[in-house]
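Summary of structural features
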Amino acid sequence: MIVLKFGGSSVANAERIKHVASIISNKREQKLVVVSALKGVTDELKGFVHSSVEAMPKAEILSLKQRHLDLAEELDCGSTELSNYIEAIFHQIEKICLGINALGECTERIEALVMGSGEKLSSKIIHSYFETLNLNFKHLDSEELIVANGTYLVASLDEKLTYSKINATIKEKTNYIAAGFIASNHEAKPVTLGRGGSDYSAAIYAGALNAKRLEIWSDVDGMLSANPRIVKEAKMIRSLSYEEAFELSYFGAKVLYPPTIRPLIASNIPLELKNTFAPEKEGTRIDPTASLDDNPIKGVTALSDVGLLNISGIGMANQSGYAKRVFESLERESINVILITQCCSEHSICVGINQQQLSIARASLNQEFSYEIKRGLLNDVEIDKDFSIIALIGDKMINRLGLSGKVFSVLGANGINIKAIAQGASERNISVVVNKSNEHKAINVLHEAFFTENTKKIHLYIAGKGNVGGSFLKMLEKQAYFLKQQYNVELKIVSLFNSKRHLSSENLKISAFESEFEEHAVEYKDLSEIVQKIKSENLRNSIFIDNTASQVVSDHYESILNAGASIATCNKIACSSDYSRYSNLKRLAKENVLEFKYETCVGAALPVIKTIQDLVLSGDQITSVEAVLSGSLNFIFNTYDGSATFAEVVAEAKELGYTEPNPLIDLSGVDAIRKILILARESGLEINFEDVVNEGFLPDECLQAEGTEDLFKALEDNDAHFKSIYEEAQAKGERLKVVAKFVNGKASFGLKSVDISHPFYNLDGKDNIFSIKTHRYPEQPLIVKGAGAGAEVTASGVFSDLMLIVNK
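Here we summarise the structure given alongside this text. What you see is a predicted model, and the numbers here were worked out from it, not measured in a lab.

Rules used in this analysis
- Counting restarts for each chain, with residues numbered from 1 along the sequence as it is written.
- It should be noted that, the model being predicted, local features are given only for residues of pLDDT at least 70 and side-chain atom pairs only at 80 or more, the latter also being counted only at that level, while totals for whole chains, interfaces and linings use all residues.
- Neither water nor hydrogens contribute to the side-chain values; these are computed over all heavy atoms in the structure.
- A run of DSSP states H or I qualifies as a helix once it reaches four residues; a run of E qualifies as a strand once it reaches two. Both are numbered from the N-terminal end.
- Within these notes, the globule rule equals 2.2 Å times the number of residues to the 0.38 power, and the radius of gyration is based on C-alpha atoms.
- A simple rule labels every residue: compare its accessible area, found with a 1.4 Å probe on the protein chains alone, to the largest value its type can have, and call it buried under 20%, exposed over 50%, or partly exposed in between.
- In this description, contact between two residues means that some pair of their heavy atoms is separated by no more than 4.5 Å.
- Charged residues are defined narrowly, with Lys and Arg counted positive, Asp and Glu counted negative, and His plus the chain ends left uncounted.
- By convention, the point assigned to a charge is CZ for Arg, NZ for Lys, CD for Glu and CG for Asp.
- For our purposes a nonpolar core is just a set of buried Ala, Val, Leu, Ile, Met, Phe, Trp, Tyr and Cys residues, chained together by side-chain atoms within 4.5 Å.
- Under the convention used throughout, the expected extent of a helix is 1.5 Å for every residue step, that is, one less than its residue count.
- A 3.5 Å cut-off defines polar contacts: any pair of N or O atoms within that distance qualifies, except that in protein one atom must be a possible hydrogen donor and the other a possible acceptor, and neighbouring residues in sequence count only when both atoms are side-chain atoms.
- Strands were regarded as paired on the criterion that DSSP finds at least two bridges between them.
- Simply put, an axis is a line fit to the C-alpha atoms, just over the touching stretch for a helix, and the angle between two N-to-C directions goes from 0 to 180 degrees.
- In what follows, salt bridge is the name for a side-chain nitrogen of Lys or Arg lying within 4 Å of a carboxyl oxygen of Asp or Glu.
- Aromatic rings from Phe, Tyr and Trp, with only the six-membered ring used for Trp, were paired whenever their centres fell within 6.5 Å, and each pair was classed as stacked if the ring planes differed by under 30 degrees, edge-to-face if by over 60, and tilted otherwise.
- As a reminder, the over-ring test applies to NZ of lysine and CZ of arginine, requiring each to be within 6 Å of the ring centre and within 35 degrees of the ring normal.

As a further point, take the overall build of the chain. When its secondary structure is counted, the chain shows 31 helices and 31 strands. Scaling as 2.2 N^0.38, a compact globule of 808 residues should have a C-alpha radius of gyration of about 28 Å, whereas the chain reaches 36 Å, well beyond that. Relative to its 808 residues, the chain shows a buried fraction of 55%. Contacts spanning at least 24 positions in sequence make up 73% of the contacts within the chain whose residues lie at least 6 apart. The distance from the centre of the 86 positive side-chain charges to the centre of the 105 negative ones in the chain is 6 Å.

Written out as structure tokens, the structure is:
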């Protein structure tokens, strides 16, 4: 004997029922078939009884009746006897609903009676259809054979009596069909076995008859390593032990009703999960044998809407009986405990339950411990809600070192706080409690860590698509395939925006970002919309890329970090703002277990900040930094020779992308001061912008220019000033260099004339040079030199910071 169960989607209509018949016909063994109600019918029936309290659902009842009558006709089994049976069932439903409407209330007993009608109808119709095919099936009345007590909607099986009845009834060597979900209690009143109870019904029949195997057919291929609606890369699980299957189903794997496992264990009956619409697929096999793969984790799943109760107080320490009283108190209110943890000091117990029962549970516990609370031995019971339990399940987790550590590390690296932890002595289940808002993110990062062959998905929110931004996007396009193939890193642009428009899509194609932006980008009012998007989407491995020089963008860094995204930026404004803000940004990144990278704020792609950070980290002390750290100004003064006006050289630098969008930021020293300020701070100095001495070289007329156009006019008008500075240096055989430095805790910026012996004399083009002296390099300084300006060079530095975050 084999038992086959077909769910509601498998018997949703005539075409699918015919398909089920073909599957059954190919089975040579003696069969017992258990069927659910037609798809959606149980929910409709439940809706009838609840809506009847307010108004009679006459039209809905009639429509559902007609659906069943039409189904019988489509299957050519619409006999008078079957039609009368359908009419009688719906006549009873209508009478019950009239009674509910008259009374204005509905009991669980009545709800169970109505909800069980769906399986009665489907089993009768399908049995009649099988008769037309001469498949030799006999109909069984599950209400007569399965006995269960307790609540009417989730009754508990009387195994001994049920098995006796089934074995007394099933004696013929024929096939059988029965309704799932329904049963009766000892008073012969209809009850149900809980939502998903048809699986359980099939397992009960299999257990009673010591079946060769149980097959559960649905619309999925089997049990997956995670919910595919949450994790797109969820993988098929080929085999599971009974214990693994129970844990996965209990914690939310909808393909299997948890109690289904119980009747199978005693006789070691295998269970196969199969897809009705792809019967050729292997599916998932559940039995006592060892797993077929070596992954210690079989699945990552979640239980939502969990509330926490915290019972605490010094009176609990070294006292026995408190846990017993907690359980007894909750049991009196029929409250199921999902999770319990207790600290080693024994002064607190944390209990996880369905959050809808939190108020009842707290009242019961406060009553139970009222004496201790009044005496100050215990605190009032605390409650907290909106949590999810994330569970990692697998038999082979036993004695595997480092699994728990990896779980906590992965969650922490993605800014997910763990509220409580539980792991049984069997080591088959590691459960962590997290905020419900982090449920999907937690499942994805854990699944990625244990199942996706180390492929790491990175979700990018990119600000700016101008010179630097455009170059950065082209690098993404060029490197995306290489990174995925060689390093298992998949970069995904989630949002791309400039100062006015944004384009958001998790499937935005890097190779077509320009055309997609032009065609589909929409206007937005405020950058807070983008920040809110980061927070609400809550995607794992989120990184915010700032390729702008915008004050508006940098002003949102705190909220971006608090929203859960790391930051890689070439925007100097935040790191050169007030020292308290600079240090607060670094603190926020650390607290949220995120990264805040800004290497390109100084020296473009040159590793200047990293070098200073490493020196400090190793215990060295920076004594001075002297630098030509403005690639744009170095280019300007290397190029300017009086043959063209100073304004024309600045315009050329702007055209090449060497200057800021407004060159006054470079020429006034603002940009260079910001850079030396950042280096001084990285060296350990607590200084602000106004502490840097600015020995400027611009005439006041240029400094007061409003906008780029006014600036260039002022530069033209003052060309004689720049020419005289140049000629004075030339007369001495020296070259002009814009130098920033800090020595002995004091920082300055200015235009210097250096002779041929100076290490800065031969610095050509747009290059930067940094001369760093430390306690370890007191005489011969450490030199960092190279290109320090340009869109492509800057973009490569941002990309390098991105990869540092990715590989953290």
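In terms of nonpolar packing, the biggest core is built from 84 residues, with I636, L667, L679, F697, L715 and F770 touching the most fellow members. In terms of residue count, helix α27 (residues 670-682) provides more of this core than any other element does, seven residues in total. Excluding anything up to four places from it in sequence, I636 contacts F646, V649, V650, A653 and L667. In this structure, L32, Y242, C350 and F387 belong to the second largest nonpolar core, which totals 57 residues.

A few words on helix α1 (residues 14-25). Given a rise of 1.5 Å per residue, twelve residues ought to cover 16 Å, and the 16 Å separating the end C-alpha atoms of α1 matches this to within 8%. For α1, every residue scored as buried is listed here: A14, I17, V20, A21, I23 and I24. Residues of α1 that are buried sit in contact with β1 (2-6), β2 (31-35), α3 (58-74), α6 (117-132), β3 (137-140) and β9 (213-218). Here α1 starts with a cap whose side-chain oxygen sits 3.3 Å from the backbone nitrogen of E15, and that cap is N13.

Moving on to the sheet that holds β1. Strand order in this open sheet of eight strands is β3-β6-β2-β1-β9-β11-β12-β10, and the pairing throughout is mixed. The sheet is open, and its two edges are formed by β3 and β10 (239-240), each paired on a single side. Relative to strand β12 (residues 284-286), β10 runs parallel, the two being bridged by two bridges. By the bridge assignment, L240 is partnered in β12 with I286. Packing of α6 onto the sheet brings it into contact with β2, β3 and β6 (175-179), and relative to β6 it is tilted by some 155 degrees.

Here we take up the pattern of salt bridges. Counted according to the given criterion, the structure contains 38 salt bridges. With a closest N to O distance of 3.0 Å, R285 and E272 form a salt bridge. Taken together, the residues R285 in strand β12 and E272 in strand β11 (residues 271-275) connect sequence positions 13 residues apart. Judged by relative accessible area, E272 falls into the buried class, the value being 18%. Among the ionic pairs, R587 bridges to E591, the shortest N-O distance being 2.7 Å. With R587 and E591 both in helix α22 (residues 579-591) and four residues apart, this pair spans about one turn of that helix. For E591, a relative accessible area of 52% translates into the label exposed. One network of salt bridges, in which partners are shared, links K27, E29, K212, R213 and E215.

A few words now on the pairing of strand β15 (residues 348-354). Most of β15 sits out of view: six of its seven residues are buried. In this sheet, β15 lies alongside strand β13 (residues 299-312) in antiparallel orientation, the contact comprising seven bridges. Its bridge partner being in β15, I311 is matched across the sheet by I349.

What follows covers the sheet that holds strand β27 (residues 693-695). In spatial order, the strands read β27-β29-β28-β26-β30-β31; together these six strands make up an open sheet with mixed pairing. Each edge of the open sheet carries a strand with a single partner, namely β27 and β31 (782-787). Direction aside, the axes of adjacent strands within the sheet are offset by 15 degrees on average. Note: strand β26 (residues 622-628) against strand β28 (residues 735-743), four bridges, orientation antiparallel. Considered in β28, the bridge of E626 is made with K741.

Turning to the packing of aromatic side chains, a few remarks are in order. Counted under the stated rule, the structure contains 19 aromatic pairs. Ring centres of F6 and W217 lie 5.9 Å apart, and the angle between their planes is 20 degrees; this geometry places the pair in the stacked category. Of this pair, F6 sits in strand β1 while W217 sits in strand β9, and the two are 211 residues apart along the sequence. W217 carries the same exposure label as F6, and that label is buried. Taking the centre distance of 5.3 Å and the plane angle of 85 degrees together, the rings of F637 and F697 count as edge-to-face. Here F637, found in helix α24 (residues 631-639), pairs with F697, found in the loop between β27 and α28 (700-703); they are 60 residues apart in sequence, far enough to count as distant. For K124, the ring lying beneath its charged end belongs to Y85, and the centroid distance is 5.2 Å. Note that R735 overlies the ring of Y761, its terminal NZ or CZ placed 5.5 Å from the centroid.

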